[in-house]
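# Report on the structure
Chain residues, written in single-letter form:
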Amino acid sequence: MCGIVGVVGLQDCAETLLDSLKRLEYRGYDSSGIVTRAAEGFVMNRAVGKLGALSATMRDRPLSGRSGLGHTRWATHGGVSERNAHPHIANNKVAIVHNGIIENHAALRDELRAAGHEFASETDSEVLAHLFLAAFDQGMSAQEAGAAVLSQIEGTFALAAMHVDHPDMMIVARNASPLAIGLGDGASFVGSDAIALAPLTRNVIYLKDNDFAIVTPDSAQIFDAAGVSVHREVVIVAASQGMVDKGGFRHFMEKEIHEQPDAIAHTLAAMTGTDGTLSTPLSRDDLQAIDGIVMLAAGTSHYAAMVARYWIEALARVPVSCEIASEYRYRKPVTGAFTTAIAISQSGESLDTLMAMRHAGEAGLRTVGLVNVPESTIAREASLVMPTRAGPEIGVASTKAFIAQLTALICFAAALAEARGSIDAQRRDEIHEHIRGLPSIIGRTLGLFDDIRPLAHSLTTARSALYLGRDVLFPVAMEGALKLKELSYIHAEGFASGEMKHGPIALIEEGLPVIALLAADEVMGKAASNLQEASARGARIILVTEERAAHVVDFADQVITVPNVDPLLAPLLLTVPVQILAYLTAFEKGTDVDQPRNLAKSVTVE
Ligand code: G6P
């Protein structure tokens, strides 16, 4: 993944580059670096670790210049070290930053070495600097160099390159990895996304795959892969500046948990028609034509898909297949039964999900992007967009975006069911009414922080924890386990309660924390029996349930209750305490809540 930024034509641009990198740190934080074109040539600072380390270096050694590049890295090729940090400079003449993977880097490196080029890092990216160097050294123009480099590289990339002899020019290019060009007043910018450019300009050009551009302070000349000049539209983006503010909370994650009532309300508004009833971006005819749905997603978004499968199958009687995007992409799926693919992605940039969506589109499925970032690649490529309105999510572990995805998906399920005649308009409106009540109910669950704190404290010493749920709460159990492991590094697994006896029960030993999710639904009795089996073998049962169901597990060691809710909506409500538990456990352990180790928020490599 990684985040890239570039500026041409702005006095003392280093500060702007650093500020833009802060907005991109969600894309990786193994190392970072900035290069500028100063009077004496390229000058560069790089530092290992989070952006704070680079900020400190920049204070000690400020960089001057009107043009430069910045990068925040999530390591792929080559370990986490300063020499592998970007930017990479070849022969003091060419500087580059890159996001993606150059798949044929080894062969290119061999050829370049044979021609006398010397490499300073173990990265695939450094070959780009040397390819540009070779092109310019052969006397090529910027346009020729761009076309020549692009014709040699295979893989995914968003890149920006500068040549020391062209101080006010950047060459940028993309394939699969996102890249936005921002046009300002007397200066131009590039960034991995519009958020990076938010305070600088709202006039943005998105390159198409294999496009490259020559960017100067007052122009962006764009060429397609064949080197032919092309026009790409300038779009006005809505990104706002205030998005990276913690708003008085200790962490973005804490803030984003508290923003969940709003995330639901805003998403619901987007799924409500002018007549006040549930509505989707698909017309009634479109909905009636849906015979089967493939859901494509990764990480937390995949668990949202799994919850939605229960809803859509139960309400609309439409078959749903939930696919891990990275697996689907290389499968030869039999798509006959499916007419629609829904790609679910907070960022709209996860490469696995984007590629899986393209794969489904090529197989003839209609593609719908359920995304939180309206300017994202998935949003632009899907044939239809179903928005979540969670607002910018900065904490690496997804919280409010997940809740917003669930909100959009339950709305979609109810609208689909009504359009297909499996529920009547009255039931659809009843579900709508229940969803309308959710923001205030979820608001009440936010009061659970104090109740959960001692429990979180007790979990900090656990080596492992299990999360159990049945039916629609099974995916929520997996999401709870994911949250705990990614934030506090405690091993955790989510299982379907009924599956315990087929193997995982062997893991139970005296005192093993089992976080049990229970709702007053059809399977409540059976789920409670499964918990009994775990308790009988020494598990410490931490019950997370609705008030009215708490009595069913009278053997629980600890109980966290949420208000009663329609069983359909239990997944939304029971998610909140497991998020708070993971957040507080990480906080108590002292891990980096917003930027857990080895992770990144938006994964734009395979
Ligand atoms: C990364 C993040 C996860 C996220 C997943 C999918 O792995 O660390 O929190 O759920 O990507 O992201 P998306 O933006 O596609 O929903």
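Counting restarts for each chain, with residues numbered from 1 along the sequence as it is written. Residue-level local features of this predicted model are given only where pLDDT is at least 70; pairs of side-chain atoms are given and counted only at 80 or more, and the full residue set underlies all totals for whole chains, interfaces and linings. Side-chain descriptors were evaluated using all non-hydrogen atoms of the structure, hydrogens and water having been removed beforehand.

## A short note on the site of the ligand
Not every one of the 13 residues close to the ligand is listed here, only the nearest: Ser301, Ser345, Gln346, Ser347 and Ser350. Within 3.5 Å is the distance limit for a polar contact, defined as a pair of N or O atoms, with the added protein rule that one can donate a hydrogen and the other accept it, and that residues adjacent in sequence qualify only through two side-chain atoms. In the environment of the ligand, an oxygen atom lies 2.6 Å from a nitrogen or oxygen atom belonging to the side chain of Ser345. The side chain of Ser350 places a nitrogen or oxygen atom 2.5 Å from an oxygen atom of the ligand. Strands are runs of DSSP state E lasting at least two residues, helices are runs of H or I lasting at least four, and both sets are numbered from the N terminus onward. When residues of the shell around the ligand are assigned to their parent elements, the largest contribution, three residues, is made by helix α10 (residues 299-316). Note on residue classes: Ala, Val, Leu, Ile, Met, Phe, Trp, Tyr, Cys and Pro are nonpolar, Asp, Glu, Lys and Arg are charged, and everything else, Gly too, is polar. The class makeup of the residues in the shell around the ligand is four nonpolar, eight polar and one charged. Here a residue is near a molecule or strand as soon as one of its heavy atoms is found within 4 Å of it.

## Describing unusual backbone geometry
For the peptide bond that leads from His86 to Pro87, omega is -5°, which places it in the cis range. Its place among the elements puts Pro87 in the loop between β4 (67-73) and β5 (88-90). For Asn92, which is not glycine, the phi torsion reads 60° and is therefore positive. Take Asn92: it is sitting in the loop between β5 and β6 (94-102). For the exposure calls, accessible area comes from a 1.4 Å probe over protein chains only, and a residue counts as buried if that area is under 20% of its type's maximum, exposed if over 50%, partly exposed in between. Under the relative-accessibility criterion, Asn92 is labelled exposed at 60%.

## Description of the packing of aromatic side chains
Any two of the Phe, Tyr and Trp rings considered here, Trp counted by its six-membered ring, make a pair once their centres fall within 6.5 Å; the pair's planes then place it as stacked at under 30 degrees, edge-to-face at over 60, or tilted in between. According to the stated counting rule, one finds three aromatic pairs in the structure shown. Ring geometry for Phe212 and Phe223: centres 5.1 Å apart, planes at 25°, overall stacked. You can see Phe212 sitting in strand β12 (residues 212-216) and its partner Phe223 sitting in strand β13 (residues 219-223), a full eleven residues away along the chain. The two residues Phe212 and Phe223 agree in class, both being buried. Centroid distance Phe449 to Tyr583: 6.1 Å. Interplanar angle 65°. Geometry classified as edge-to-face.

## Regarding the domain arrangement of the chain
Split into domains, the chain comes out as domain 1 (3-243), domain 2 (245-423) and domain 3 (444-597). The start and end points of each domain follow an automatic or database-based domain assignment. Using C-alpha coordinates to define each centre, domain 2 is positioned 25 Å away from domain 3. Buried area: the accessible area, evaluated with a 1.4 Å probe, that two parts lose upon being put together, summed over both parts. Buried area between domain 2 and domain 3, summed over both chains or domains, comes out near 2500 Å², and the portion from carbon and sulfur atoms is 73%. Salt bridges are defined as contacts in which a side-chain nitrogen from Lys or Arg sits within 4 Å of a carboxyl oxygen from Asp or Glu. Across the contact surface, domain 2 and domain 3 share zero salt bridges.

## Quick word on the pairing of strand β22 (residues 491-496)
Where strand β21 (residues 464-469) meets β22, six bridges bridge the pair, whose relative direction is parallel. Bridging from a neighbouring strand, Leu468 pairs with Phe495 of β22. For the crossover that starts at β21, traverses helix α17 (residues 473-488) and ends in the parallel β22, the hand is right-handed. The rule for pairing is simple: two strands pair if DSSP sees at least two bridges between them. The handedness of a crossover follows from its direction of travel: if, with the strands pointing away from the viewer, the path from the first strand over the helix to the second runs clockwise, the crossover is right-handed.

## Examining helix α12 (residues 351-362)
Taking 1.5 Å as the rise per residue, α12 with twelve residues should run 16 Å; its terminal C-alpha atoms sit 16 Å apart, in good agreement. Buried within α12 are the following residues: Leu351, Asp352, Thr353, Leu354, Met355, Ala356, Met357 and Ala360. Gly364 occupies a position one or two residues after α12 and carries a positive phi of about 100°. By this rule the span expected of a helix is its residue count minus one, scaled by 1.5 Å.

## Points about empty space enclosed by the protein
Within this scheme a cavity is a closed region of a 1 Å grid, computed over the protein atoms alone, that accommodates a 1.4 Å probe without allowing it to escape, whereas a pocket is open but has protein on both sides within 12 Å along at least five of seven lines; lining residues each have an atom within 4 Å of a point. Grid points are joined across faces, edges and corners, and a volume is the space filled by probe spheres set on the points. In this structure the tally under the stated criterion is one cavity of 30 Å³ or more. In this structure, the largest cavity encloses a volume near 60 Å³. For the largest cavity, the full set of lining residues is Cys2, Arg73, Trp74, Thr76, His77, His86, His98, Gly100, Thr123, Asp124 and Ser125.

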